[in-house]
Amino acid sequence: QGPPPPEKPATVLGALGPKMLALSASHADGAHPYNVTPDHTKSAREILGPGKLLCPEQKVLLETDASKARAIAREALALYLTLPNYRNNFTRMGFSDEDMDNGGSDRLVDAMVAWGDEGAIRKRLQEHFDAGADHVAVNVLAQKDRTITREDEKILELLAPGNEG
């Protein structure tokens, strides 16, 4: 057993719906919503209120070809489109059953995965910050075989502090 931390670490809850976000506000230091849009981030901030950490996840893919990007995004989202908690949250975010069926509509896929060039990805991340996020967990998607390569990680270098353009 190592020494205790010098201060109590922050506790954030994985929270999607309004009840879990309210629980995060009352019993934790904040929330970490997964598979959400900047609009969800805005709603989550309203529920959490000021002074609570809001750390949404954002999937990113450095790919400018729409058909390639959407194919990779659909593969990454496939499991979540079958899970009731995520389907319920997609519905709360304004997506229909038709958006979630058959691998996900372009509208849903484009909302869940920030794909394109560095500028397009930066824009999406900034939308989360503008909506009230304190931190955005960048989730890099793999281009091939679900294995993150050095080429996939290039977006992390482009997004690193000091590389703002």
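The structure displayed is predicted, hence computed values, not measured ones.

(A) Structural detail: the nonpolar core. Counting residues in hydrophobic clusters, the biggest one holds 21 residues, and the most contacted among them are L61, L77, F90, F95, L108, M112 and V113. When residues of this core are traced back to their parent elements, those giving at least two are helix 3 (66-77), helix 4 (84-92), helix 6 (106-112) and strand 5 (113-116). In this view, L77 contacts N35, K59, L108, V109, M112 and V113; residues no more than four positions away in its chain are not counted. Residues I121, L125, V140 and L159 belong to the second largest nonpolar core, which totals 9 residues.

(B) Representation of helix 3 in the model. Given a rise of 1.5 Å per residue, 12 residues ought to cover 16 Å, and the 16 Å separating the end C-alpha atoms of helix 3 matches this to within 8%. In the core, the buried residues of helix 3 are packed alongside strand 4 (57-62), helix 6 and strand 5.

(C) Seen up close, the pairing of strand 4. Of all 6 residues that make up strand 4, 5 are buried, and the element is covered over most of its length. Across 4 bridges, strand 4 lies against strand 6 (residues 137-140) in parallel orientation. Paired with Q58 across the strands is V138, a residue of strand 6. Relative to strand 5, strand 4 runs parallel, the two being bridged by 4 bridges. Bridge pairing in strand 5 places L62 opposite G116.

What counts as what
Residues numbered from 1 in each chain as written. Predicted model: local features only at pLDDT ≥ 70, side-chain atom pairs only at ≥ 80, totals over all residues. Heavy atoms only, no water. Core = buried A, V, L, I, M, F, W, Y, C linked by side-chain atoms within 4.5 Å. Buried < 20%, exposed > 50% of the residue type's maximum accessible area, 1.4 Å probe, protein only. Helix = DSSP H or I, 4+ residues; strand = E, 2+ residues; numbered from the N terminus. Contact = heavy atoms within 4.5 Å. Expected span 1.5 Å × (residues − 1). Pairing = 2+ DSSP bridges.

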